[in-house]
Amino acid sequence: MKFAVASLAVLLVCGCATKPSAPVQIPAPEIAVPVDHSGLSSLATDELLSKYADHLKEMAHLMSETDQAGFIDSSVNKLKSQYGQNEARLRDYIVNELKLSGRNVEIELQTPPEPPVVKAVTIAECWLRFDDSEALGNVVNQARTTFAVWSQSGATSCSSSSSSGCWIYKQNCGLLGNVRYEEYPFGAYNHFHLSFENLDCLDFSTGSFGREQADGTCSSAGIDHREENRYANGHVNSHVQRLWVEDGGDAALFSVDRVRVRGEDSQPARILFKKQDGSWWAWNSLSPGYYDIGEWVNDVVEMRFRGAEGGLSVTGIDDLRIRRIIVSEPPRPPGP
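Analysis parameters
- Residues numbered from 1 in each chain as written.
- Predicted model: local features only at pLDDT ≥ 70, side-chain atom pairs only at ≥ 80, totals over all residues.
- Heavy atoms only, no water.
- pLDDT = per-residue confidence, 0-100.
- Contact = heavy atoms within 4.5 Å.
- Core = buried A, V, L, I, M, F, W, Y, C linked by side-chain atoms within 4.5 Å.
- Buried < 20%, exposed > 50% of the residue type's maximum accessible area, 1.4 Å probe, protein only.
- Helix = DSSP H or I, 4+ residues; strand = E, 2+ residues; numbered from the N terminus.
- Salt bridge = Lys/Arg side-chain N within 4 Å of Asp/Glu carboxyl O.
- Phe/Tyr/Trp six-rings, centres within 6.5 Å; stacked < 30°, edge-to-face > 60°.

1. Observations regarding the confidence of the model for the protein
Parts of the prediction with low pLDDT should not have their coordinates interpreted in detail.
Here comes step 1: Looking at the protein as a whole, its pLDDT mean stands at 76, while 64% of the residues score no less than 70.
Here comes step 2: Confidence drops under pLDDT 50 across residues 3-13; counting only partners more than four residues distant or on other chains, this segment forms nine contacts.
Here comes step 3: Of the regions scoring below 50 in pLDDT, residues 100-117 engages in 43 contacts with residues more than four places distant in sequence or in other chains.

2. Some details on the nonpolar core
Here comes step 1: If you look at the biggest cluster of nonpolar residues, it comprises 41 residues, and the most contacted ones within it are Tyr181, Leu243, Met303, Leu320 and Ile322.
Here comes step 2: Sort the elements by how many residues they give to this core and strand β15 (residues 254-263) lands first, with four residues.

3. Regarding the pattern of salt bridges
Here comes step 1: Within this structure, the stated rule accounts for 17 salt bridges.
Here comes step 2: Residue aspartate 319 pairs with arginine 129 through a salt bridge whose shortest N-O separation is 2.9 Å. Taken together, the residues span a long stretch of sequence, with aspartate 319 in strand β20 (residues 315-328) and arginine 129 in the loop between β2 (119-128) and α5 (133-137) at a distance of 190 residues.
Here comes step 3: Aspartate 319 sits in the buried class, given a relative accessible area of 4%.
Here comes step 4: Across the pair glutamate 246 and arginine 180 runs a salt bridge, and its minimum N-O distance is 3.4 Å.

4. Brief notes about the packing of aromatic side chains
Here comes step 1: Tallied over the entire structure, the rule returns eight aromatic pairs.
Here comes step 2: Considering the side-chain rings of phenylalanine 273 and tryptophan 283, the 5.5 Å spacing of their centres and the 40 degrees angle between planes classify their relative orientation as tilted. Of this pair, phenylalanine 273 sits in strand β16 (residues 269-275) while tryptophan 283 sits in strand β17 (residues 280-286), and the two are ten residues apart along the sequence.
Here comes step 3: Look at phenylalanine 273 and you get buried, because its relative accessible area is 1%.
Here comes step 4: Their ring planes at 80 degrees and their centres at 5.7 Å tell us that tryptophan 283 and tryptophan 296 sit as a pair that is edge-to-face. Of this pair, tryptophan 283 sits in strand β17 while tryptophan 296 is found in the loop between β18 (289-292) and β19 (300-307), placing the two residues 13 residues apart along the sequence.
Here comes step 5: Residue classification places tryptophan 283 among the buried positions, given a relative accessible area of 4%.
Here comes step 6: Given the relative accessible area of 16%, tryptophan 296 is considered buried.
Here comes step 7: Taken together, the ring pairs connect Phe130, Tyr169, Tyr181, Phe192 and Phe305 into an aromatic cluster.

5. Brief notes about unusual backbone geometry
Here comes step 1: Here the residue pair tyrosine 184 and proline 185 is connected by a cis peptide bond, since its omega of -5 degrees sits within 30 degrees of zero.
Here comes step 2: Relative to the helices and strands, proline 185 is located in the loop between β7 (177-184) and β8 (191-196).
Here comes step 3: Even without a glycine there, the phi angle at phenylalanine 130 is positive, about 65 degrees.
Here comes step 4: When you line up the elements, phenylalanine 130 lands in the loop between β2 and α5.
Here comes step 5: The backbone of alanine 143 shows a phi angle near 50 degrees, a positive value even though the residue is not glycine.
Here comes step 6: In this fold, alanine 143 is placed in the loop between α5 and β3 (147-149).
Here comes step 7: Alanine 143 sits in the buried class, given a relative accessible area of 1%.

Quick look at the structure:
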């Protein structure tokens, strides 16, 4: 697997990551299929609240006391709208959980004045390098032929139409959080590729990628494909891959500080992202390399990747530094 030290060494050799020119605003892509989370509606009230408890405590420790007020309001509204719970019960539950976390919760729970002051709080950070052993263990056959297909619990195949219970690559990122990387739209090719950095041939006797031997044969003997370095690429240049983050099963805000474009034959990538306000932005052509993009990709709901228009080969994506965030609003100042 790739480690931070190794990545740092690579960056030092290449002279560190580059900040690209500012992205351009674009119209919303024509294909827009919402993520289906309807499967969560079957969760019982007590089970849902229990699952949310540790998540609340984790976030509380990362907030100032004023930030907690906005967090409580947003959490209540989120759970109320999704699951139809009683608002008073939810508010009491959340405040109690924050108290149990050891924080002082003597805060005002009023609606903030207009315009609200919005603040992003990072609640978890992770690297997406497509080589997480647990995530690969939940992909059918661990993508040993590079083909990453729609999978479900037990690493068995499933229909991409049942997106709430299916994934292609799903990696944990903090309590109750996952990074999801999938093809888009659902069912375009029903797979993308998790290519190997250090395996260079297909062992036909096992149907798995392996290493070329001195005699010219290919062997996958002794290889744990869950531990091999990977990167993601589409089926063809125009094949779109989609990145989003879930928080307790619900689509959530995130930021991306860094990304690596791995183009075959120096082919550039097209990278799109959707901001919290619904606007779409894009780098239409980024050549292979490391890029610092956190200045712009800092409160987004999804990203999309494909080869640049007119390209002749697929583009690889790797080394994304992702931060799960929440946006909180401070309470109304006390009156005179």
